[in-house]
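Structural description and commentary
The lines below spell out each chain.
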Amino acid sequence: MSAGKKVVIITGASQGIGEALLRAYRNRDFRVVANSRSIKPLPDPDVLTVAGDISDFKTAERIMSQALERFGRVDTLVNNAGTFVARPFTEYTAEDYAQILGINLNGFFHITRHAVREMLKRGSGHIVQITTSLDVHASSNTALAALTKGGLNAATRALAVEYASRGVRVNAVAPGAIKTPMHAPETHEFLAKQHPIGRVGEVRDVVDAVLYLEGAAFITGEILHVDGGQSAGH
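Description of the structure in this document.

Definitions and cut-offs
Residues numbered from 1 in each chain as written. Predicted model: local features only at pLDDT ≥ 70, side-chain atom pairs only at ≥ 80, totals over all residues. Heavy atoms only, no water. Helix = DSSP H or I, 4+ residues; strand = E, 2+ residues; numbered from the N terminus. Buried < 20%, exposed > 50% of the residue type's maximum accessible area, 1.4 Å probe, protein only. Contact = heavy atoms within 4.5 Å. Phe/Tyr/Trp six-rings, centres within 6.5 Å; stacked < 30°, edge-to-face > 60°. Salt bridge = Lys/Arg side-chain N within 4 Å of Asp/Glu carboxyl O.

**Describing the side chain of Thr-11**
Tracing the chain through its elements places Thr-11 in strand β1 (residues 7-11). Residue classification places Thr-11 among the buried residues on the basis of a relative accessible area of 1%. Discounting chain neighbours no more than four positions away, the residues touching Thr-11 are Asn-35, Ile-54, Val-78, Asn-79, Asn-80 and Ala-81.

Below you can see the structure in the form of structure tokens.
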């Protein structure tokens with residue numbers, strides 16, 4: 001297949017923000033490599049689906065090898081996969097800890113290493129993490145989200161500095177509460193109160209932010225808060 005079109009890898013692409021990002025990048029004529037545990041093949045020849053657990057390093061290897069075999073290049077990586085478990089810190093189990101770190105941190109580490117290597121060969125690329133505002137606006141019962149997704153904000157800045165001179169940009173979008181399957185509808189009224197703007201965010205709000213960063217060639221190391229003012233305080 002011709003390697004002329006740009007190619008994006010999106011993790012956590014079967015629902016919510018990830019599914020919307022898949023559609024948005026296709027609308028921009030990107031070829032898409034879409035991953036989630038249970039993602040199914042799609043009829044679009046410009047979409048390659050790779051099912052698997054992103055916390056497993058073998059899944060990252062398969063994503064990258066199949067992307068290169070099918071499309072010949074990787075231009076953008078969106079680290080969208082994530083999990084959120086809210087509970088008092090002392091009630092987290094060892095299994096909770098392993099699962100949350102596995103998806104939020106290990107998954108990022110495995111696929112991003114592969115992506116950076118390929119981007120450096122081309123001298124260009126863009127990596128975006130979907131993270132959180134909880135590292136700068138703390139809330140009870142969210143310590144592991146702050147630890148993992150907040151950690152990705154720090155890693156975003158570090159990688160942006162490390163690779164800026166070699167053509168690879170690294171940014172993050174830090175959402176507040178968004179209307180996705182992660183948040184049950186009955187929680188929306190409570191969650192809206194966490195945002196000075198007074199509502200829960202829409203998936204489109206996050207997608208628009210990612211696409212903005214995609215086209216913003218002079219921006220790297222940015223943590224773009226899409227949280228209704230939550231990170232600014234109350």
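**Quick word on the packing of aromatic side chains**
The final tally for this structure, using the stated rule, is 2 aromatic pairs. The interplanar angle of 75 degrees and the centroid separation of 4.9 Å between the aromatic rings of Tyr-25 and Phe-30 together place this pair among those described as edge-to-face. As far as burial versus exposure is concerned, Tyr-25 and Phe-30 are alike and both buried. The interplanar angle of 75 degrees and the centroid separation of 6.5 Å between the aromatic rings of Phe-89 and Tyr-92 together place this pair among those described as edge-to-face. Owing to a relative accessible area of 59%, Phe-89 belongs among the exposed residues under this scheme.

**What about the pattern of salt bridges?**
One pass over the full model with this rule turns up 12 salt bridges. Between Lys-5 and Asp-46 there is a salt bridge whose closest N-O contact spans 3.3 Å. Here Lys-5, found in the segment before β1, pairs with Asp-46, found in the loop between β2 (31-36) and β3 (47-51); they are 41 residues apart in sequence, far enough to count as distant. Assessed through its relative accessible area of 27%, Lys-5 is described here as partly exposed. A relative accessible area of 10% places Asp-46 in the buried class. One salt bridge in this structure joins Asp-53 and Arg-37, with 3.8 Å as the shortest N-O distance. With Asp-53 in the loop between β3 and α2 (57-71) and Arg-37 in the loop between β2 and β3, this residue pair connects regions lying 16 residues apart in the sequence. A relative accessible area of 27% means that Asp-53 is categorised as partly exposed. Salt bridges sharing partners connect three or more residues here, namely Lys-5, Arg-26, Asp-29, Arg-31, Asp-44 and Asp-46.

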